[in-house]
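# Overview (structure and organization)
Residues per chain are reported as follows:
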Amino acid sequence: MFWCPICRYSQLPNTTTKNCCSGCGVIQNLWICLVCGDIGCGRYLDGHASKHYELTKHTYAMNINTDEVWDYSGDNFVHRLIQNKKDGSLIDSLKVNNTSNLYRKMDETTSEIIFRFSRELNMQRKFYICKMNEMKKKADDIILEKNLKLIKSKKSLLDFKVEIDSLKNKKICLQENHQKELNKIHSNVIIGHAANLKKLTEKIAKLESCIADEKEMNQCFHVKLKHYEECVEKSKNDVIEKDKELREVKEMNRDLMFSIDASNKINEIKSNLNDSEKMDLRESKLTVNKQKKRNKPKNR
């Protein structure tokens, strides 16, 4: 049974064989709430007593070992009298033996240091365990992702192989069809070329016969042309001869006309002349005729 040395409020917690923290189960540095009797560890451990105050706003808590009362709202000790553990009498906390206080403080300091180291080690252990769990989770996620990618890659590889096989089959079919088409086109081309060659041969034969006929006609034409040229040359010579004869005829005609005119004039003159003048005219006529005979060209 615990009772408050300030307000004399008695508190009877649940009967247990061994007091421990209701939050973490530790048995050192325990504090009991003077309102509801909840037992929690001190702030140098996990601080469940102060957490109980934050949740319930129960201000006072007493240390189970030393009977010291802590005021959470004022953040200080508020006890003045504590109970002697030997006879249960009330004594002033300031009059306690200094030696016992020194040992108690040393024990508390040692316990506090041990608990602080333990808490820090636990915190470090929890921190690194969390980090290890996080790293393990990340590694598991990465491994899972890599496995999924590997599965997808294998599936893609299988699909790719199937597609390659189908493409190879298509290629073989296309090559066969292409070869058939080429053979067909080749045969058609050969047949067409043979027919065209036959037609061209016939055309060449016709052209050769036409060329032979043309050559023969050209030879005949050249012969006739030569004959015509000879005829033309002969005609030119004949024309030249005819021109010469025509000129001679013209000269003879002119001479004849001249002689006719002269004879007519002479006859007119004779009709107008007397006998003596007629005799002189005859003599002059004879002289003129002799001169003309002398001047006559030899080629006529």
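Residues numbered from 1 in each chain as written. Predicted model: local features only at pLDDT ≥ 70, side-chain atom pairs only at ≥ 80, totals over all residues. Heavy atoms only, no water.

Attention now goes to the pairing of strand 5 (residues 60-63). Remember that side chains alternate between the two faces of the sheet whenever the strand is regular. Sheet analysis places strand 3 (residues 30-33) next to strand 5, joined by three bridges and oriented antiparallel. Residue pairing for strand 5: Cys33 is matched across the bridge by Ala61. Pairing between strand 5 and strand 6 (residues 69-71): three bridges, direction antiparallel. Following the sheet pairing, Tyr60 is matched in strand 6 by Asp71. Hairpin connection from strand 5 to strand 6: five residues lie between these consecutive antiparallel strands, with Asp67 at a positive phi of about 60°. (Pairing = 2+ DSSP bridges. Helix = DSSP H or I, 4+ residues; strand = E, 2+ residues; numbered from the N terminus.)

Nonpolar side chains collect at one region of the surface, where Ile113, Phe117 and Leu121 lie side by side and expose about 330 Å² of accessible area between them. For Ile113, a relative accessible area of 43% puts it in the partly exposed group. (Patch = residues over 30% accessible without salt bridge, like charges linked within 9 Å, V, L, I, M, F, W, Y side chains within 5 Å. Areas by Shrake-Rupley, 256 points an atom, 1.4 Å probe, with all protein chains shown as cover. Salt bridge = Lys/Arg side-chain N within 4 Å of Asp/Glu carboxyl O. Buried < 20%, exposed > 50% of the residue type's maximum accessible area, 1.4 Å probe, protein only.)

As a further point, take the nonpolar core. The biggest cluster of nonpolar side chains holds ten residues, and these are Cys21, Leu30, Ile32, Leu34, Ile39, Cys41, Leu45, Met62, Ile64 and Val69. In terms of nonpolar packing, the next biggest core, distinct from the first, is built from six residues, Trp31, Ala49, Tyr53 and Trp70 among them. (Core = buried A, V, L, I, M, F, W, Y, C linked by side-chain atoms within 4.5 Å.)

Our next topic: empty space enclosed by the protein. Going through the model one piece at a time under the given rule, you end up with one cavity of 30 Å³ or more. Its volume calculated, the largest cavity comes out at about 70 Å³. Lining the largest cavity are 13 residues, and of these Cys33, Asp38, Ala49, His52 and Ala61 sit closest to its centre. Listing elements by their share of the lining of the largest cavity, those giving two or more residues are strand 3, strand 4 (39-41), helix 1 (48-56) and strand 5. Class assignment for the residues of the lining of the largest cavity results in nine nonpolar, three polar and one charged. (1 Å grid on protein atoms, 1.4 Å probe; cavity = no way out; pocket = protein on both sides within 12 Å on 5 of 7 lines; lining within 4 Å. Points joined across faces, edges and corners; volume = space filled by probe spheres on them. Nonpolar A, V, L, I, M, F, W, Y, C, P; charged D, E, K, R; others polar.)

Taken together, the side chains of Asp238, Glu241, Glu245 and Glu248 make up a negatively charged region of the molecular surface. By the element assignment, Glu248 lies in helix 2 (residues 98-272). On the accessibility criterion, Glu248 (34% relative accessible area) is partly exposed. (Lys, Arg positive; Asp, Glu negative; His and termini not counted. Charge placed at Lys NZ, Arg CZ, Asp CG, Glu CD.)

Taken in spatial order, the five strands make up an open sheet running 4-3-5-6-7, and their pairing is antiparallel. In the strand order of this sheet, the two ends are held by strand 4 and strand 7 (76-77), each with one partner. Strands in contact with helix 1 are strand 3 and strand 4; relative to strand 4, the strand with the most contacts, it is inclined by about 125°. (Contact = heavy atoms within 4.5 Å. Axes fitted to C-alpha atoms, helices over the stretch in contact; angles between N-to-C directions.)

Relative to the helices and strands, Asn63 resides in strand 5. In contact with Asn63, other than residues within four places in its own chain, are Asn29, Leu30, Trp31 and Glu68.

Of the residues in the chain, 73% have a pLDDT of 70 or more, and the chain-wide mean is 76. Mean pLDDT values for the elements of the chain range from 44 in strand 1 (residues 2-3) up to 91 in strand 4. pLDDT under 50 marks residues 90-100. Its contacts with residues more than four places away, or in other chains, come to 15 contacts. The low-confidence segment residues 290-294 (pLDDT under 50) makes one contact with residues lying over four places distant or belonging to another chain. (pLDDT = per-residue confidence, 0-100.)

We now examine the packing of aromatic side chains. Counted by the stated rule, this structure contains two aromatic pairs. Taken together, a centroid distance of 5.1 Å and an interplanar angle of 15° make the contact between Tyr53 and Tyr72 stacked. A residue pair is termed long-range when its members are at least 10 positions apart, and Tyr53 in helix 1 and Tyr72 in the loop between strand 6 and strand 7 qualify at 19 residues. A residue is classified by how much of its surface remains accessible, and Tyr53, at 18% relative accessible area, is buried. Their ring planes at 75° and their centres at 5.3 Å tell us that Phe127 and Tyr128 sit as a pair that is edge-to-face. Directly above the ring of Tyr53 sits Lys57, whose terminal nitrogen or CZ lies 5.4 Å from the centroid. (Phe/Tyr/Trp six-rings, centres within 6.5 Å; stacked < 30°, edge-to-face > 60°. Lys NZ or Arg CZ within 6 Å of the ring centre and 35° of its normal.)

A word on unusual backbone geometry. Phi at Asn29 takes a positive value of approximately 50°, unusual for a residue other than glycine. Among the secondary structure elements, Asn29 is positioned in the loop between strand 2 (10-11) and strand 3. The phi angle at Lys57 is positive, at roughly 60°, despite the residue not being glycine. With respect to the helices and strands, Lys57 occurs in the loop between helix 1 and strand 5.

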